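# Remarks on the overall topology
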Protein chains: 2
Amino acid sequence: MAGKLNEKAKQLIGSKAFATLSTVDPDGGPQVSPLWIDMDGDDLLVNTARGRTKARNIERDPRVGICIVDPQNPYAGCVALRGTVVDITTDGADEHIDHLASKYLGVETYPNRQAGEVRLKVRIRVDRVAMQPE
Amino acid sequence: MAGKLNEKAKQLIGSKAFATLSTVDPDGGPQVSPLWIDMDGDDLLVNTARGRTKARNIERDPRVGICIVDPQNPYAGCVALRGTVVDITTDGADEHIDHLASKYLGVETYPNRQAGEVRLKVRIRVDRVAMQPE
């Protein structure tokens, strides 16, 4: 059964707070990195580029952890969840990184594109949500 | 060979920025949660309580990921690292959570103690450090 995002989780995901994505390294250990995030219905969407560590990891093992702390009020709780990557696609990935740049930076076009970079839009199904103190 | 914390990493770890700790769940997937952090020499110290998910996970598998984003300037880079838990102890754990409360809250005593809670001080050796854009 898919996990359900509560209102606080939706509010945080809709804010400019960064998410931390954790993926599984080839040796089974955890790899973490910060990134932008948004929602599509009950799914989470993130964006990366082909060949990056997190991209290679989720292609091999779709299990991810995500944590979002409100930088304005870190003691008011955070959202932490387990999810499963259900789609990795180049379709719409450039438009999606522009959309995230609009959300986080207020600009129309993602300003940090690298030459030759292939963007990937990643859809994550939420399996489990935990709102945590401390 | 242990990973080396650079100046930016030390500055972030010394600040009030929350860390995100990723551990390995029993099924091999990643579990993430935010927590306070500080340093002792080249090691990282965090504090949890017996029986929590992250405490059970690191007792079974010592591999962790840690990510710290500067909430004041999230685009200036972050520190992301892999580490190994080398010690979990109750010795000095109550004093250590008070020390973290002093660092993060400016108070002498950790204000959120639960009745019957057994605090654990966790020492993490840094294996690999990556400073990341985006």
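It should be noted that the structure appears before, not after, this text.
Reference entry: report on the structure contained in this document. Everything numeric here is computed off the predicted structure, so don't read it as measured data.

### As for the overall build of chain A
Summing up its helical and strand segments, chain A has three helices and seven strands in all. If you list the helices and strands of chain A from N to C, you get α-β-β-β-β-α-β-β-α-β. By the compact-globule yardstick of 14 Å for 134 residues, chain A fits well, its C-alpha radius of gyration being 14 Å. Within chain A, the proportion of its 134 residues that are buried is 37%. For chain A, contacts bridging at least 24 residues in sequence account for 70% of all contacts bridging at least 6.

### Observations concerning the relation of the copies chain A and chain B
In the superposition of chain A on chain B (RMSD 0.0 Å, axial shift 0.0 Å), the rotation amounts to 180°. Both copies are brought into coincidence by an operation consistent with a two-fold rotation axis. A high fraction, 100%, of the interface residues of chain A reappear at the interface in chain B, so the copies pair face to face through one surface.

### Observations concerning the interface of chain A and chain B
In this complex, chain A contributes 27 residues to the contact, which on the side of chain B involves 27 residues. For the side of chain A that touches chain B, the secondary-structure elements that each account for two or more residues are strand 1 (19–24), strand 2 (30–35), strand 5 (63–69) and strand 6 (78–89) of chain A. Class assignment for the residues of the side of chain A that touches chain B results in 14 nonpolar, 10 polar and three charged.

### Concerning the environment of P30(B)
Within the secondary structure, P30(B) is located in strand 2 (residues 30–35). Through-space distance from the C-alpha of P30(B) to that of A76(B) is 26 Å; in sequence the pair is 46 residues apart. Apart from residues no more than four positions distant in its own chain, P30(B) is found in contact with S22(A), T23(A), V24(A), P30(A), R63(A), V64(A), G65(A), S22(B), V24(B) and D25(B).

### Describing the pairing of strand 1 of chain A
Residues and elements named next belong to chain A. The buried count for strand 1 comes to six of six residues, which makes it a mostly enclosed element. Covered by surrounding structure in strand 1 are A19, L21 and T23 together with T20, S22 and V24, the residues of both alternating faces. As paired elements, strand 1 and strand 2 share six bridges and run antiparallel to each other. Within strand 2, the position partnered with T23 by the bridge is Q31. Counting the residues in the hairpin turn of strand 1 and strand 2 gives five residues, including G28, whose phi is positive at 95°. Across four bridges, strand 1 lies against strand 5 in antiparallel orientation.

### Structural notes on the nonpolar core
By size, the foremost hydrophobic cluster in this structure holds 58 residues, and its most contacted members are I66(A), I68(A), I66(B) and I68(B). The residues contacting I68(A), other than those within four sequence positions of it, are L12(A), I13(A), A17(A), A19(A), C78(A) and V79(A).

Quick notes on the rules
Residues numbered from 1 in each chain as written. Chains lettered and ligands numbered in written order. Predicted model: local features only at pLDDT ≥ 70, side-chain atom pairs only at ≥ 80, totals over all residues. Helix = DSSP H or I, 4+ residues; strand = E, 2+ residues; numbered from the N terminus. Rg over C-alpha atoms; globule rule 2.2 N^0.38 Å. Buried ≥ 20, exposed ≤ 12 C-beta atoms within 10 Å, placed from the backbone. Contact = placed C-beta atoms within 7 Å. Least-squares fit on C-alpha atoms with pLDDT ≥ 70 in both. Nonpolar A, V, L, I, M, F, W, Y, C, P; charged D, E, K, R; others polar. Pairing = 2+ DSSP bridges. Core = buried A, V, L, I, M, F, W, Y, C linked by C-beta atoms within 7 Å.

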